[in-house]
Amino acid sequence: MDDRQARAFLKEISAYGSVYGLESIRSLMARLGDVQDQLTVIHVAGTNGKGSICAMLASILQAAGYRTGVYASPAVFEPEEIMRVNGKYISKEVFTELVQKVQAACVDMQKEGLPHPTVFEVETAIAFCFFKREDCDLALLETGLGGAMDATNLISHPLCSVLSSISRDHMALLGQTLEEIAAAKAGIMKPGCPCVSSEQPPEVTAVLKKAAAEIGSELRIADNSCIRSFSFDGEKSRFEADTGWIDSCLCGTLALSGACQKENLSCVLEVIRLLKEQNMRITREAVLEGLLHVRLPGRFEKISDRPDFYIDGAHNEGAARSLQETVIRCFAGRRVVYMIGVFADKEYEKLLQIMLPYAAQVFTVTPRHERALDGKKLAQTAKKMHSSVTFVPDIMQAAELAAKAAGRTGVVLAFGSFSYLGELKAGWKKTKKAGRNDG
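In short, a report on the structure. The structure presented is a predicted model; accordingly, all values stated were derived computationally and were not measured. Counting of residues starts from 1 at the beginning of each chain's written sequence and follows it residue by residue. Only residues with pLDDT of at least 70 are given local features in this predicted model, and only at 80 or more are side-chain atom pairs given and counted; all residues enter the totals for whole chains, interfaces and linings. With hydrogens and water set aside, each side-chain value is computed from the structure's full complement of heavy atoms.

1. Concerning the overall build of the chain
No. 1: Across its full length, the chain holds 15 helices and 17 strands.
No. 2: Principal-axis analysis of the C-alpha atoms gives the chain an extent of 60 × 55 × 40 Å.
No. 3: Contacts between residues were defined by any pair of non-hydrogen atoms, one from each residue, lying within 4.5 Å. Long-range pairs, those at least 24 residues apart, make up 76% of the contacts in the chain with a sequence separation of at least 6.
No. 4: All accessibility values rest on the Shrake-Rupley procedure with a 1.4 Å probe; residue burial counts only the protein chains present in the view. When the accessible surface of the chain is summed, it comes to about 18100 Å², and 48% of that surface belongs to carbon and sulfur atoms.
No. 5: The charge count includes Lys and Arg as positive and Asp and Glu as negative, but it does not include His or the ends of the chains. Taken as the charge location is NZ of Lys, CZ of Arg, CG of Asp or CD of Glu. Here the chain contributes 52 positive and 53 negative side-chain charges, whose respective centroids are spaced 5 Å apart. Helix and strand definitions follow DSSP, with helices as H or I runs of at least four residues and strands as E runs of at least two, each counted in order from the N terminus.

In structure tokens, the structure reads:
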């Protein structure tokens, strides 16, 4: 098997869709030696902020000298980015080797009359095998969907569980209310294993406290007031925080920007406090170095200037409210032009209601994905709320039109589904390199 064949296999099984539950991943990992039981894991679930929290924790732990793996899907830009060790993506050679190994286990399952694992289950199995192969000190696992029935929840005894901000998303599977969604996310809690949560709405906190008490997990809710000050521009954030584990205030720079990062940072600092209580060697210097050098593509990421061009994966109500605050604070007085592409199963009307008041002009697109909402339909909905909305069939043409509409001193903000941001980022870099955009 070569890299091309490995990708073809994953593309083929992606047609199986998603199967919510643990039975298949248990059977698959049993054939692979249950290597997940040999890993030290921090398990992260939530609606918004999982990626940022994982990225910050991984960068801090790496700076502290721990060999750290991260599994976070789906891929935004490169297929290999969903699994990495110490910031380095899995190589094509190792990926191909592990795909072949997992594929053989899938064949054995089918011979026994069991259903073929889904693509997410296969990728999760590859990640477990990869982290074991790389002899990771810790592995950060981000849930794909929900918590209780997510394939990553095969982990039986994590070092700790982490819950990022919980809001409405994936309601068809997780429930129509915040309480139902929170209960699904709380499914990653384990007996005797502590759990750290971001600050949550009161109804979510009540669900988490009840779940923790029932299962026997110590629940810690991060306190956002520990962040004494937090400011951000278009590329980074500055903060002062009381950590609870050093006498003086922790002052530094976070190489991520946006209103949501204050809450994410508060959660991360509470996790670090917990890990230090468990005798992990994490110094003040490691925390500051890790936060200074953290990278997370696709989250309020600036990809060019003149005009300033940003991409962000905000696609639900909670993320939109944070992005709204970021736009207000970062781009006040500037001409802001949007590009928007979303999935049909998202609450895109709420997304538009929250974001459109701050746009001078809007261009809609259709992501290349089977779940994509037709950009024409999105435009029709947006026109009920904004006077200047245009559907553009070609994503790169939309980017060029948005840049022209913004002008050299303006801002383009492309947001919505991650599924089109990779194509946009790669294509825009080529456009800028070729000098085709005159502003």
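2. Details of the packing of helix α2 (residues 23-30) against helix α4 (residues 92-111)
No. 1: Axis lines are fitted to C-alpha atoms, over the contacting stretch for helices. Their N-to-C directions set the angle, which ranges from 0 to 180 degrees. Running from N to C, α2 and α4 point in directions that differ by 115 degrees, and their axes come no closer than 9 Å. Between α2 and α4, the crossing angle belongs to the class labelled roughly perpendicular. As for the relative orientation of α2 and α4, their crossing is right-handed in sense. The segment α2 lies against α4, with Ser 24, Ser 27 and Leu 28 engaging Val 102, Ala 105, Cys 106 and Met 109.
No. 2: Ten residue types, Ala, Val, Leu, Ile, Met, Phe, Trp, Tyr, Cys and Pro, are classed as nonpolar, four, Asp, Glu, Lys and Arg, as charged, and the remainder, Gly among them, as polar. Considered class by class, the residues forming the contact of α2 with α4 number five nonpolar, two polar and no charged. Under this scheme an angle from 65 to 115 degrees is roughly perpendicular, one under 35 degrees roughly parallel, and one over 145 degrees roughly antiparallel; angles in between are oblique. Throughout, a crossing is termed right-handed when the near helix is turned clockwise from the far one, and left-handed when it is turned anticlockwise from it by less than a right angle.

3. Side note on the environment of Ile 13
No. 1: The topology assignment puts Ile 13 in helix α1 (residues 3-13).
No. 2: The class for Ile 13 is buried, based on a relative accessible area of 1%.
No. 3: Among all residues touching Ile 13, those that are not within four sequence positions of it are His 116, Pro 117, Thr 118, Val 119 and Val 122. Here's how the labels work: a residue is buried when its accessible area is under 20% of the maximum for its type, exposed when over 50%, partly exposed in between, all with a 1.4 Å probe on protein chains only.

4. A closer look at the environment of Glu 325
No. 1: If you trace the backbone, Glu 325 turns up in helix α11 (residues 317-330).
No. 2: Spatially, the C-alpha atoms of Glu 325 and Leu 28 are 44 Å apart, while their sequence positions differ by 297 residues.

5. A word on the packing of aromatic side chains
No. 1: The criterion for an aromatic pair is that two Phe, Tyr or Trp rings (for Trp, the six-membered ring) have centres within 6.5 Å, with stacked assigned to planes under 30 degrees apart, edge-to-face to planes over 60 apart and tilted to the rest. Counting across every chain of the model gives eight aromatic pairs.
No. 2: Judged by centre distance (5.8 Å) and plane angle (40 degrees), the ring pair of Phe 130 and Phe 131 falls under tilted.
No. 3: Phe 130 gets classed as buried once you look at its relative accessible area, which sits at 4%.
No. 4: Residue class for Phe 131 comes out buried when judged on its relative accessible area of 0%.
No. 5: Centre to centre, the rings of Tyr 338 and Phe 415 are 5.1 Å apart; their planes meet at 85 degrees, and the pair counts as edge-to-face. One end of the pair, Tyr 338, is in strand β14 (residues 336-341); the other, Phe 415, is in strand β17 (residues 411-416), and 77 residues separate them in sequence.
No. 6: Grouping aromatic residues by their ring pairs yields a cluster made of Phe 300, Tyr 310 and Phe 331.

6. So, the pattern of salt bridges
No. 1: Salt bridge, as used here, is a side-chain nitrogen of Lys or Arg placed within 4 Å of a carboxyl oxygen of Asp or Glu. Applying the stated criterion to the full structure yields 23 salt bridges.
No. 2: Across the salt bridge formed by Arg 321 and Glu 317, the nearest N and O atoms sit 3.1 Å from each other. With Arg 321 and Glu 317 both in helix α11 and four residues apart, this pair spans about one turn of that helix.
No. 3: Relative accessible area serves as the criterion here: at 44%, Arg 321 is assigned to the partly exposed category.

7. What about the sheet that holds strand β8 (residues 219-221)?
Backbone hydrogen bonds hold the strands of a sheet together, and the pairing may be parallel or antiparallel.
No. 1: By this definition, two strands are paired if DSSP reports at least two bridges between them. Taken together, eight strands build an open sheet; the order of strands is β4-β3-β2-β5-β1-β6-β7-β8 and the sheet is mixed. Single-partner strands in this sheet number two, and they are β4 (88-89) and β8.
No. 2: Across three bridges, strand β7 (residues 195-197) lies against β8 in parallel orientation. Following the sheet pairing, Cys 195 is matched in β8 by Leu 219.

8. Examining the sheet that holds β17
No. 1: Strand order across the open sheet formed by six strands is β12-β13-β17-β14-β15-β16, with mixed pairing between neighbours. Each edge of the open sheet is held by one strand with a lone partner, namely β12 (301-304) and β16 (389-391). Averaged over all pairs of adjacent strands, the angle between strand axes in this sheet comes to 25 degrees, irrespective of strand direction.
No. 2: Taken together, the four bridges between β14 and strand β15 (residues 361-364) define a ladder with parallel strand orientation. Across the sheet, the residue bridging to Tyr 338 is Val 362, located in β15.
No. 3: Across the sheet, helix α14 (residues 395-406) lies against β13 (308-312), β14, β15 and β17, angled at about 165 degrees from β14, the strand it touches most.

9. Side note on the nonpolar core
The nonpolar side chains of a soluble globular protein tend to be buried, and buried together.
No. 1: Take the buried residues of types Ala, Val, Leu, Ile, Met, Phe, Trp, Tyr and Cys, join any two whose side-chain atoms come within 4.5 Å, and each joined set is a nonpolar core. Grouped together as the largest cluster of nonpolar side chains are 77 residues, with contacts concentrated most on Ile 42, Ile 272, Ile 282, Val 287, Tyr 338, Ile 340 and Met 355.
No. 2: Contact partners of Ile 340, with chain neighbours within four places excluded, come to Leu 351, Leu 352, Leu 356, Val 362, Phe 363, Thr 364, Val 365, Leu 378, Phe 415 and Tyr 420.
No. 3: Within the second largest apolar cluster, 41 residues are counted, among which are Val 41, Ile 90, Cys 106 and Ala 139.

10. Quick word on α11
No. 1: How far a helix is expected to stretch is found by multiplying one less than its residue total by 1.5 Å. Under the 1.5 Å per step criterion, the end-to-end length of α11 is 20 Å for 14 residues, consistent within 8% with the ideal 20 Å.
No. 2: The complete set of buried residues in α11 reads Glu 317, Ala 319, Ala 320, Leu 323, Gln 324, Thr 326, Val 327 and Cys 330.
No. 3: Of the surrounding elements, those touching the buried residues of α11 are β9 (227-232), β13, β14, α12 (348-355) and β17.
No. 4: Capping the start of α11, Asn 316 holds a side-chain oxygen 3.3 Å from the backbone nitrogen of Gly 318, two or three residues further along. For this analysis, a polar contact is any N or O atom pair within 3.5 Å, provided that within protein one partner can donate a hydrogen and the other can accept it, and provided that sequence-adjacent residues contribute only side-chain to side-chain pairs.

11. What to know about the state of the cysteines
No. 1: The disulfide criterion used throughout: a pair of cysteine sulfur atoms within 2.5 Å. Across all of its chains, the model carries zero disulfides by this definition.
No. 2: Counting only cysteine sulfurs, Cys 195 is the nearest neighbor of Cys 267, a cysteine outside any disulfide, at a range of 8.6 Å.

Just geometry here; none of it tells us what the structure is for.
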